[in-house]
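As a plain string of letters, each chain reads:
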Amino acid sequence: MAAKGNQAFDFLAKKRRDVAPVYALYGDESFLKRLVFEAVRGDVLGGGDADGDDTDDGEWSLHRVVGKDAELRDVLDELSTPALFGGGTRLVVVDDADKFVSDNRAGLEAYVAAPSRAGVLVLIVDSWPSNTRLAKAVASAGVAVDCSAPAVGRVGRWVTARATDVHAITIDAQAIDVLLEIVGADLGRIDQELAKLAAAVGSASAVTVEHVQNLVGGWRAKTAWDMLDIALAGNAEAALEHVERLVTSGEHPIGILGQIAATLRRFAEATRRIELAEAAGRRINLRAALEQSGVRSFAVGKAEAQLRRLGRARGKQIYDWLLETDLALKGDSALPPRVVLETLVLRLAVPAPARPASAGTGS
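Given the structure is predicted, the values throughout are model-derived calculations rather than measurements.

Draft legend 1. Expanded view of the sheet that holds strand S4 (residues 90-95). Here six strands make up an open sheet; going across it, the order is S1-S6-S2-S5-S4-S3 and the pairing parallel. Single-partner strands in this sheet number two, and they are strand S1 (6-7) and strand S3 (62-66). The pairing of strand S2 (residues 22-26) with strand S5 (residues 119-125) spans five bridges and is classified as parallel. Across the sheet, the residue bridging to Tyr23 is Val122, located in S5. Relative to S4, helix H3 (residues 72-80) is tilted by about 155 degrees, and along the sheet it contacts S3, S4 and S5.

This is how it looks when you write it as structure tokens:
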């Protein structure tokens, strides 16, 4: 069970933070760990910034070591030894510290019980189980910060603040929705894209959906979505031309599938929700089903029209089609990858021919 420490966004939002003798930064979001560490570095040593530029004398008091190369006695020596230059508190950081923690748990427990007054220890780990004596000791005497990947809703609020505070731009809510649709919840990638948008747009006007669509993800991602829109509109020939353009430019069919799969899975999920509701004697309209399946508000109108054209019969098959296509692209088929992708595109663009009514059915 993961430790229930401070959530990273909550920790970063605090205007004032007391310095603790030991910190554990844990979780799977490396960019978030970096932001939290820089906040801790600023609290302990002063100076520096959220981008990690150590430009003041405090850098002389910072000592970093990789966990696999660290010896506990050396780490403890660094914590109790004032810096030759810079003065003040010593900040000792053990990166990738999972193995270091595992190998030195008893020694670390003893240190946390009586930490050095001259130094601050930061352990940067992936896993931090809450049921260990060390985690409980740090929770009592220090600070544990959960740097796990946050929920998408929380990311949206972070994007707004990050855009304003760091990149000096404003970005409207629909533009954030589109950005997250393209990039996902990868905070480091989001920050890079915000920097790109800031350089292109400047602070004169808000970043819009059009800015994001044109500047984030590159023309290949845009062309992949265009291809999907064209296929869902029933224009198989034009959709296949887009596939050819993408493949010829060097895009692998697996990458193209990855770019369009999220949209198709939402269509499949919406179809599933409608069928489940009907089986339970309830009714749910298509728009509500799409919204419950993760379609963003700005896109639900277009998605509704596309799924209506696709139809329930094909909507029910999308999960199977995606699985079949993914496996075929990864070696389960002797067909060339391009042909495998084209088969999916044709299934989306061209409805299966209607079966002739059997004699005597009254159809």
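Draft legend 2. Region of interest: unusual backbone geometry. With a phi close to 45 degrees, Asp96 is a non-glycine residue in the positive phi region. As for its placement among the helices and strands, Asp96 is situated in the loop between S4 and helix H4 (98-103). Look at Ala168: it is not a glycine, yet its phi comes out positive at around 55 degrees. Residue position: Ala168 is located in the loop between helix H7 (152-165) and helix H8 (173-183). Given the relative accessible area of 48%, Ala168 is considered partly exposed.

Draft legend 3. Expanded view of H3. Those residues of H3 that sit buried are Leu72, Val75 and Leu79. Here the buried residues of H3 occupy an arc of 65 degrees about the axis, which is enough to place them on one side. The inward-facing, buried residues of H3 contact S3, S4, H4, helix H5 (105-113) and S5.

Draft legend 4. Expanded view of H5. For H5, the set of buried residues is Leu108, Glu109, Tyr111 and Val112. For H5, the buried positions fall inside an angular range of 165 degrees around the axis, keeping them on one side. What points out from H5, more than 90 degrees from its buried face, is the exposed set Ala106, Ala110 and Ala113. Residues of H5 that are buried in the fold lie against S2, H3, H4, S5 and helix H6 (133-141).

Draft legend 5. Structural view of the packing of H7 against helix H9 (residues 187-201). Viewed as axis vectors pointing N to C, H7 and H9 meet at an angle of 35 degrees, and their least axial separation amounts to 11 Å. Crossing hand, H7 versus H9: right-handed. Taken together, the residues of H9 that come into contact with H7 (itself represented by Val155, Trp158, Val159, Arg162 and Ala163) are Leu187, Ile190, Asp191 and Leu194.

Draft legend 6. Expanded view of the pairing of strand S6 (residues 143-146). Burial of the side chains of S6 extends over both faces: Val143 and Val145 are buried on one face and Ala144 and Asp146 on the other. The pairing of S1 with S6 spans two bridges and is parallel. Bridge pairing in S6 places Gln7 opposite Asp146. Here four bridges tie S2 to S6, and the two strands are oriented parallel to one another. Looking at S6, one finds that Leu25 is bridged to Val145.

Draft legend 7. Structural context of the pairing of S2. By the criterion of burial, S2 is predominantly enclosed, with five of the five residues buried. Of the two faces of S2, the one lined by Val22, Ala24 and Tyr26 and the one lined by Tyr23 and Leu25 are each fully buried.

Draft legend 8. Inspection of the pattern of salt bridges at higher detail. A complete count under the given rule lists 25 salt bridges for this structure. Between Arg41 and Glu38 there is a salt bridge, and its shortest N-O distance comes to 3.6 Å. Pair noted here: Arg41 and Glu38 are both in helix H2 (residues 30-45), with a separation of three residues, about one helical turn. On the accessibility criterion, Glu38 (10% relative accessible area) is buried. Across the salt bridge formed by Arg73 and Glu71, the nearest N and O atoms sit 3.9 Å from each other.

Draft legend 9. Main features of the packing of helix H12 (residues 236-248) against helix H18 (residues 337-349). Running from N to C, H12 and H18 point in directions that differ by 155 degrees, and their axes come no closer than 10 Å. Taken together, the axes of H12 and H18 lie roughly antiparallel to each other. Here H12 runs over H18; the crossing is right-handed. Between H12, through Ala236, Ala239, Leu240, Val243, Glu244 and Val247, and H18, the contact on the second element is made entirely by Arg338, Leu341, Glu342, Val345, Leu346 and Ala349. Split into classes, the residues belonging to the contact of H12 with H18 amount to nine nonpolar, no polar and three charged.

Draft legend 10. Expanded view of the environment of Ile190. Looking at the element boundaries, Ile190 is found in helix H9. Given a relative accessible area of 0%, Ile190 falls into the buried group. If sequence neighbours within four positions are ignored, Ile190 has contacts with Val155, Trp158, Val159, Leu179, Leu180, Val183, Gly184 and Ala185.

About the thresholds
- Residues numbered from 1 in each chain as written.
- Predicted model: local features only at pLDDT ≥ 70, side-chain atom pairs only at ≥ 80, totals over all residues.
- Heavy atoms only, no water.
- Pairing = 2+ DSSP bridges.
- Helix = DSSP H or I, 4+ residues; strand = E, 2+ residues; numbered from the N terminus.
- Contact = heavy atoms within 4.5 Å.
- Axes fitted to C-alpha atoms, helices over the stretch in contact; angles between N-to-C directions.
- Buried < 20%, exposed > 50% of the residue type's maximum accessible area, 1.4 Å probe, protein only.
- Arc of directions from axis to C-beta.
- Left-handed = near helix turned anticlockwise from the far one by under 90°.
- Salt bridge = Lys/Arg side-chain N within 4 Å of Asp/Glu carboxyl O.
- Parallel < 35°, antiparallel > 145°, perpendicular 65-115°, else oblique.
- Nonpolar A, V, L, I, M, F, W, Y, C, P; charged D, E, K, R; others polar.

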